[in-house]
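Structure at a glance
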Amino acid sequence: MNERVSWQVCASCGQELAASDPRQRCPACRGLLELRHRAPPMTHGGLRALLDSRLGVRRGPLASGVWRYRELVLPEADDSLVSYPEGNTPLLARPAVAAWAGVPELLLKHEGHNPTGSFKDRGMTVGVTQARRVRATAVACASTGNTGASLAAYAALAGIPALVIVPKGQVAVGKLTQVLAYGARTILVRGDFDACLSLALAAGERLGVYLLNSINPFRLEGQKTIVLELLQQLGWEPPDWIVVPAGNLGNTAAFGKALREACEWGLISRVPRLAAVQAEGAAPFALSYRDGFATRHRVQAHTVATAISIGNPASYERAVQAIRETDGVVLAVSDAEILEAKAVVDASGAGCEPASAASVAGARQLVRSGVIRKTDRVVAVLTGHLLKDPDVVLAYHQGTDAPSPRANRPVEIEPKLEEIERVLSARATP
Ligand SMILES: *Cc1c(COP(=O)(O)O)cnc(C)c1O
Ligand SMILES: [Zn+2]
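As the structure is a prediction and not an experimental result, all values here were calculated from the model.

**Comments concerning the packing of aromatic side chains**
According to the stated counting rule, one finds four aromatic pairs in the structure shown. Aromatic side chains Tyr84 and Tyr154 sit 4.9 Å apart centroid to centroid with 65 degrees between the ring planes, which places their arrangement in the edge-to-face category. Placement of Tyr84 in the loop between helix 2 (70-73) and strand 4 (91-93) and of Tyr154 in helix 5 (residues 146-158) is noted, with a sequence separation of 70 residues between them. Tyr84 gets classed as partly exposed once you look at its relative accessible area, which sits at 36%. By relative accessible area, which is 0% here, Tyr154 ends up buried. Residues Phe285 and Tyr316 carry aromatic rings whose centres are separated by 6.0 Å and whose planes lie at 85 degrees to one another, so their mutual orientation is edge-to-face. Taken together, the residues Phe285 in helix 10 (residues 284-290) and Tyr316 in helix 11 (residues 316-325) connect sequence positions 31 residues apart. Across the pair, Tyr316 and Phe285 agree in class, each one buried. Grouping aromatic residues by their ring pairs yields a cluster made of Phe285, Tyr289, Phe293 and Tyr316. Note that Arg4 overlies the ring of Trp7, its terminal NZ or CZ placed 3.9 Å from the centroid.

**Thoughts on the sheet that holds strand 13 (residues 377-382)**
Spatially, 4-5-13-10-11-12 is the arrangement adopted by the six strands of the open sheet, whose pairing is mixed. If you trace the sheet from one side to the other, it starts and ends with strand 4 and strand 12 (329-333), each paired once. Neighbour-to-neighbour, the strand axes of the sheet open up by a mean angle of 25 degrees, direction not taken into account. Bridging between strand 4 and strand 5 (residues 105-110) involves three bridges; their strand directions are antiparallel. Of the residues in strand 5, the one forming a bridge with Leu92 is Leu108.

**Quick notes on the site of ligand 1**
Around ligand 1, 15 residues are found, and the nearest of them are Lys120, Asn146, Gly247, Asn251 and Thr383. By residue class, the composition of the shell around ligand 1 is six nonpolar, seven polar and two charged.

**What to know about the environment of Ile226**
Structurally, the position occupied by Ile226 is in helix 8 (residues 217-233). Taking relative accessible area as the criterion, Ile226 reaches 0% and is therefore assigned buried. The sequence separation of Ile226 and Asn251 amounts to 25 residues, and the corresponding C-alpha distance is 9.0 Å. Excluding residues that lie within four positions of it along the chain, Ile226 makes contacts with Lys109, Glu111, Phe119, Arg122, Asn251, Phe255 and Val381.

**Details of the sheet that holds strand 7 (residues 162-167)**
With respect to topology, four strands assemble into an open sheet ordered 8-7-6-9, the strand pairing being parallel. This sheet does not close on itself; its edge strands, each paired only once, are strand 8 (185-189) and strand 9 (210-211). By the bridge criterion, two bridges tie strand 6 (residues 139-142) to strand 9 in an arrangement that is parallel. The partner of Val139 across the bridge, within strand 9, is Tyr210.

**Some thoughts on the packing of helix 5 against helix 6 (residues 173-181)**
Helix-helix packing is characterised by the crossing angle of the two axes and by the distance between the axes. It is at 8 Å that the axes of helix 5 and helix 6 come closest, and there the two elements cross at 25 degrees. Classed by the angle they form, the pair helix 5 and helix 6 counts as roughly parallel. Classified by chirality, the crossing of helix 6 by helix 5 is left-handed. Facing helix 5, whose interface residues are Asn146, Gly148, Ala149 and Ala152, helix 6 presents Lys175, Gln178 and Val179. Among the residues forming the contact of helix 5 with helix 6, the class breakdown is three nonpolar, three polar and one charged.

**Remarks on the side chain of Ser356**
Its place among the elements puts Ser356 in helix 13 (residues 354-368). Since its relative accessible area comes to 0%, Ser356 is described here as buried. Looking at Ser356, its side chain comes within polar contact range of the side chain of Thr383, at 2.9 Å. The contacts of Ser356, once residues within four sequence positions are left out, are Pro245, Val381, Leu382, Thr383 and Gly384.

**A few points about the domain arrangement of the chain**
Reports of interface size often rely on the accessible area that becomes lost once the parts have come together. Here the chain is described as being made up of domain 1 (1-38) and domain 2 (91-117 + 217-392). Summarising the inter-unit geometry, the C-alpha centres of domain 1 and domain 2 are found 27 Å apart. The interface is formed by eight residues belonging to domain 1 together with eleven residues belonging to domain 2. Summing both partners gives a buried area of about 840 Å² for domain 1 against domain 2, and 59% of it is carried by carbon and sulfur.

**Remarks on the pattern of salt bridges**
Side-chain pairs of opposite charge can arise whenever the charged atoms involved come near each other. Scanning the entire structure with this criterion turns up 26 salt bridges. Between Glu353 and Lys175 there is a salt bridge; the shortest N-O distance is 2.7 Å. Taken as a pair, Glu353 in the loop between helix 12 (335-347) and helix 13 and Lys175 in helix 6 lie far apart in primary sequence, 178 residues in all. Judged by relative accessible area, Glu353 falls into the buried class, the value being 2%. By relative accessible area, which is 0% here, Lys175 ends up buried. The salt bridge involving Arg373 is made with Asp376; its shortest N-O contact spans 3.0 Å. You can call Asp376 buried: its relative accessible area is 3%. A single salt-bridge network, built from bridges that share partners, covers Arg68, Lys109, Glu111, Arg122 and Glu229.

Thresholds, definitions, all that
- Residues numbered from 1 in each chain as written.
- Chains lettered and ligands numbered in written order.
- Predicted model: local features only at pLDDT ≥ 70, side-chain atom pairs only at ≥ 80, totals over all residues.
- Heavy atoms only, no water.
- Phe/Tyr/Trp six-rings, centres within 6.5 Å; stacked < 30°, edge-to-face > 60°.
- Helix = DSSP H or I, 4+ residues; strand = E, 2+ residues; numbered from the N terminus.
- Buried < 20%, exposed > 50% of the residue type's maximum accessible area, 1.4 Å probe, protein only.
- Lys NZ or Arg CZ within 6 Å of the ring centre and 35° of its normal.
- Pairing = 2+ DSSP bridges.
- Axes fitted to C-alpha atoms, helices over the stretch in contact; angles between N-to-C directions.
- Near = heavy atom within 4 Å.
- Nonpolar A, V, L, I, M, F, W, Y, C, P; charged D, E, K, R; others polar.
- Contact = heavy atoms within 4.5 Å.
- Parallel < 35°, antiparallel > 145°, perpendicular 65-115°, else oblique.
- Left-handed = near helix turned anticlockwise from the far one by under 90°.
- Polar contact = N/O pair within 3.5 Å; in protein donor to acceptor, adjacent residues only side chain to side chain.
- Domains from an automatic or database assignment.
- Buried area = accessible area lost by both parts, 1.4 Å probe.
- Salt bridge = Lys/Arg side-chain N within 4 Å of Asp/Glu carboxyl O.

Here it is, written out as structure tokens:
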């Protein structure tokens, strides 16, 4: 037992499984599984130095912003990794966004810069690598869109057939486009995301396909690198807050684990506080937080931010642990606040999809309520790319019903220079 490098543990009853066991839940109690790794061969300064020495690597697995941290992600993985590469996303300073949120030191960790335009690629490179290691003949997921887009792309890269199960009519056009284009078998379910997830779980157990939903512990290992990478970009000097949109709670859980391990292995000596931000119309986790996590809630989800439109989050327990261990907070913001935050992020040139803007809207709310202090250093995670959901953008800027506060209306003209001149002078005097 001593030489083992990685293994799985049931988070509920403690039962251990081999890392190569493809089951998605604990065979004894159906609890969620978590991956554990032997401590890296070097810790503290040595580990930092090793990770920093890889920053200039441009080729091979270590050029990936996920596999650079392989000792903390999947130390046993050999060089048959399924990698684009991914990660290496920018940490952006956008003064206009910071000013809107009301905190001078706000940085944006832009995960929309991943190969398929969302952070899901960080999990999927590990998940599909694991699928290959267990010799899966097919992979599947239920998705609000981005997981499906990412799975489709990585399965294509690995040459494994993929099945993507999505709620009909509830997937943003950019995401559905990707799933179809990358060649996944696409199933449109007449139901919501939670119905898709139940179906995928049943298919995983009875039809023998390898499931890559967010309860898959290998995906969470990859998602930890959002935090590891941003800490490294800050020279291992942690911010006071990390603010993240929260839907199925995979990221919240992964961030908690990343911070726990980063502390344990000496990469950081102080843990930032996590803020998980939900949309008001899909806020079961925020409800639970308000009563000290005494009850687990389920809701009928409804929000413009489709990526976090989830009523019964799968990673609930481990997200509770993440919030508790980091002295974190959970809050909900309205769709109007999300859309305004998005308009501000978009107009700064950064741009993001609606769900991503929940982090910036949440940061603003926490500054206003005094939970985040004006002197705090804050990193808000932008989870997905602007072009994922063009319909929301067009409706916001050129919609005809309620006028949006920051609408940038297009101007229609006859093809005459005077008309351009008129538009230009109107702009100059707002
Ligand atoms: C998946 C996703 C989320 C939600 O993340 P969870 O880990 O499910 O909480 C948020 N934003 C975007 C863009 C996503 O694709
Ligand atoms: Zn168990």
